[in-house]
Amino acid sequence: MQQDLTTIDREAWDALDAAAADARQPFRYLTLASLGRCQFPEARTVVLRSVEISTRVLEFHTDTRSPKWQELQDNGNTTILGYSDALRLQLRLRGQMELAPPGSHAAEQVWSRLPLHTRATYQGGPPGDELPSVDGPVYRDQDVPSEETGKERFGVLFFRAVSLDWCRLARDNNLRARFSYGESGTLKSASWIAP
């Protein structure tokens, strides 16, 4: 029996929401693809931190010294890709990234809720810098053991989806559907498409 497209859309967003709340769920770790400054696509794994289903917004955190931050400042057009082997389901979302830099209201609010071990990941050298060694903690500035260290590098990424390409792989019947969303997140269109 074929599922209703509205149900598929709701279940896809429910799966994303569940992943933001529980690291053991599929779609917790997603691939974020953007256009690099070298004009090649750049893709990296990001951790889904929060989902606002009604507005179709996903939240991610990043070090603002990273190439990713710089690329998204230049061009916020982004694709988010997730695949669940258990569900045999691919979700590919296209949309626009909004950046909340250090010191912004959004970054301050999120930072205040982060556990110390997560804050520690924003300490140390810029992402991509060469390390002299990986012995001991690689994230912490040894000279500045404050719990606030890293706050000045912490940014929040808000991805607003404009479309979702849903694809379920099945041995005898692959299914694929496309959904598009309005500015407020409302479902504008839904259709079955060839896999």
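One can find the structure itself at the top, above this paragraph.
Just so it is clear, the structure is predicted and the values come from calculations on it, not from any experiment.

J.: Go over the packing of aromatic side chains with me, naming the residues and quoting the values.
T.: The geometry of two aromatic rings is summed up by the distance between their centres and the angle between their planes. For the structure on display, the rule yields five aromatic pairs. Aromatic side chains Tyr122 and Phe154 sit 5.1 Å apart centroid to centroid with 85° between the ring planes, which places their arrangement in the edge-to-face category. With Tyr122 in the loop between helix H4 (116-119) and strand S7 (154-168) and Phe154 in strand S7, this residue pair connects regions lying 32 residues apart in the sequence. You can call Tyr122 buried: its relative accessible area is 7%. Relative accessible area serves as the criterion here: at 1%, Phe154 is assigned to the buried category. One aromatic cluster is present, built from ring pairs that chain together Trp111, Tyr122 and Phe154.

J.: Provide a residue-level description of the pattern of salt bridges, including the pertinent values.
T.: Taken as a whole and assessed by the stated rule, the structure comprises nine salt bridges. Across the pair Arg65 and Asp63 runs a salt bridge whose closest N-O atoms are separated by 2.8 Å. Since its relative accessible area comes to 26%, Arg65 is described here as partly exposed. We note a salt bridge from Asp165 to Arg176, for which the minimum N-O separation is 2.6 Å. Of the two residues, Asp165 is situated in strand S7 and Arg176 in strand S8 (residues 175-181); the sequence distance between them amounts to eleven residues. The residues Asp165 and Arg176 share a single accessibility class, namely buried.

About the thresholds
As a convention, each chain's residues are numbered from 1 in the sequence order in which they are written. The model is predicted, so local features are restricted to residues of pLDDT at least 70 and side-chain atom pairs to those at 80 or more, both for listing and for counting; the totals for chains, interfaces and linings are taken over all residues. Side-chain numbers come from the whole structure's heavy atoms, not from hydrogens or water. Centre distance within 6.5 Å is the pairing criterion for rings of Phe, Tyr and Trp, where only the six-membered ring of Trp is used; planes under 30 degrees apart are then read as stacked, over 60 as edge-to-face, and the remainder as tilted. Each helix is a run of H or I in the DSSP string that is no shorter than four residues. Each strand is a run of E no shorter than two, and both are numbered from the N terminus. Exposure categories follow from relative accessible area, calculated using a 1.4 Å probe and restricted to protein chains: below 20% of the type maximum is buried, above 50% is exposed, and the middle band is partly exposed. Salt bridges are counted wherever a side-chain nitrogen of Lys or Arg sits within 4 Å of a carboxyl oxygen of Asp or Glu.

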